[in-house]
Amino acid sequence: MTDQEIVQELLSHDNAVTHRFFFKDCRPLLLSILRNVFPYPVNYEECVNALYEYLMENNAAKLRSFSFRCSLFQWMKVVATRFFIAHRNAMIQEFSNEPETPVKEDISSDAGRIMSDRMDALMLLNMLPNKRYADALRHLILNDEDPESYAKSIGTSVDNIYNIKKRAISALAKIAYKYYSYGY
């Protein structure tokens, strides 16, 4: 099927084409995106259902915005990546199997936990072999520095800062997983 035919069938809510597109044709692409966006396993079906609802809301406005200037899969890669990044925090709660923990009222224990978490973060940052990644995370996340000012201070573009931050978070997640799973 051509991209135009696939889009037309998706717009007409053809169940067979929709299922084949999301659960067969796009599965490798979407699994790759999910692995890069989420540092933990998520339910593929629930994520795809959320993406599908997004594409089809408001009379399929997002899907109708596809202009056929690139392949449908290239467009889907961009749209899905942006969607999952934008909804990462909402999906954490929705897809989490962890029981909700009660809210603590003890401020002193919260301060101790925050200090401990910060020390853990600094320790993990020091384990990153790429010091540029560690510096980027230290400035952007721990110090909550504005990406534009950080980009200017190191002489690069804001787009590059976001790319560095994404790669740094991925590298940090791998180190944290090894450290907390295997004692590094």
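In what follows, the structure referred to is the one given above.
Bear in mind the structure is a predicted one, so any value in this text is a computation, not a measurement.

Student: Please explain the packing of helix H3 (residues 27-37) against helix H4 (residues 44-64) as it appears in this structure.
Tutor: Helix packing for two helices is described by the angle between their axes and how far apart those axes are. Contact geometry for H3 and H4: axes closest at 11 Å, N-to-C directions at 100 degrees. Here H4 runs roughly perpendicular to H3, going by the angle between their axes. The residues of H4 that touch H3, namely those facing Arg27, Leu30, Leu31 and Leu34, are Tyr44, Cys47, Val48 and Leu51.

Student: Can you walk me through H4 in this structure?
Tutor: Each full turn of the α-helix corresponds to 3.6 residues, which orients residues three or four apart in the same direction. In this model, H4 (21 residues) spans only 24 Å end to end at C-alpha, well below the 30 Å of a helix rising 1.5 Å per residue. Asn58 marks where H4 bends most, by close to 115 degrees. Those residues of H4 that fall on the buried side of the exposure criterion are Tyr44, Cys47, Val48, Ala50, Leu51, Leu55, Met56, Ala60 and Leu63. Measuring from the side-chain oxygen of the N-cap residue of H4 to the backbone nitrogen of Glu45 gives 3.0 Å; that N-cap residue is Asn43.

Student: In this structure, what is going on with the pattern of salt bridges? I would like to understand it.
Tutor: Per the stated rule, a full pass over the model turns up two salt bridges. One salt bridge connects Asp25 with Arg20, and the closest N-O pair in it is separated by 3.5 Å. You can call Arg20 partly exposed: its relative accessible area is 31%. With its nearest N and O atoms 3.0 Å apart, the salt bridge here joins Arg138 to Asp135. Separated by three residues within a single helix, Arg138 and Asp135 lie in helix H8 (residues 131-142), roughly one turn from each other. Judged by its relative accessible area of 22%, Arg138 falls in the partly exposed class.

Student: Explain the packing of aromatic side chains here, please?
Tutor: Given two aromatic rings, their pairing is described by the distance between the two centres and the angle made by the two planes. All chains considered together, the criterion is met by nine aromatic pairs. Geometrically, the ring pair formed by Phe21 and Phe73 is tilted, given 5.8 Å between the ring centres and 40 degrees between the ring planes. Here the residue Phe21 occupies a position in helix H2 (residues 15-25), and Phe73 occupies one in helix H5 (residues 72-86), the gap between them amounting to 52 residues. The exposure class of Phe73 is partly exposed, given its relative accessible area of 32%. Here the aromatic rings of Phe83 and Phe84 are separated by 5.3 Å at their centres, their planes lie at 70 degrees, and the arrangement is edge-to-face. The two residues Phe83 and Phe84 agree in class, both being buried. Grouped by ring-pair contacts, the aromatic residues Phe21, Phe22, Tyr52 and Phe73 constitute a single cluster. A cation over a ring is seen here: Arg27 above Tyr44, with NZ or CZ 4.3 Å from the ring centre.

So, how was this worked out
Residues numbered from 1 in each chain as written. Predicted model: local features only at pLDDT ≥ 70, side-chain atom pairs only at ≥ 80, totals over all residues. Heavy atoms only, no water. Axes fitted to C-alpha atoms, helices over the stretch in contact; angles between N-to-C directions. Helix = DSSP H or I, 4+ residues; strand = E, 2+ residues; numbered from the N terminus. Parallel < 35°, antiparallel > 145°, perpendicular 65-115°, else oblique. Contact = heavy atoms within 4.5 Å. Expected span 1.5 Å × (residues − 1). Bend = angle between axes of the 7 residues up to and from the residue. Buried < 20%, exposed > 50% of the residue type's maximum accessible area, 1.4 Å probe, protein only. Polar contact = N/O pair within 3.5 Å; in protein donor to acceptor, adjacent residues only side chain to side chain. Salt bridge = Lys/Arg side-chain N within 4 Å of Asp/Glu carboxyl O. Phe/Tyr/Trp six-rings, centres within 6.5 Å; stacked < 30°, edge-to-face > 60°. Lys NZ or Arg CZ within 6 Å of the ring centre and 35° of its normal.

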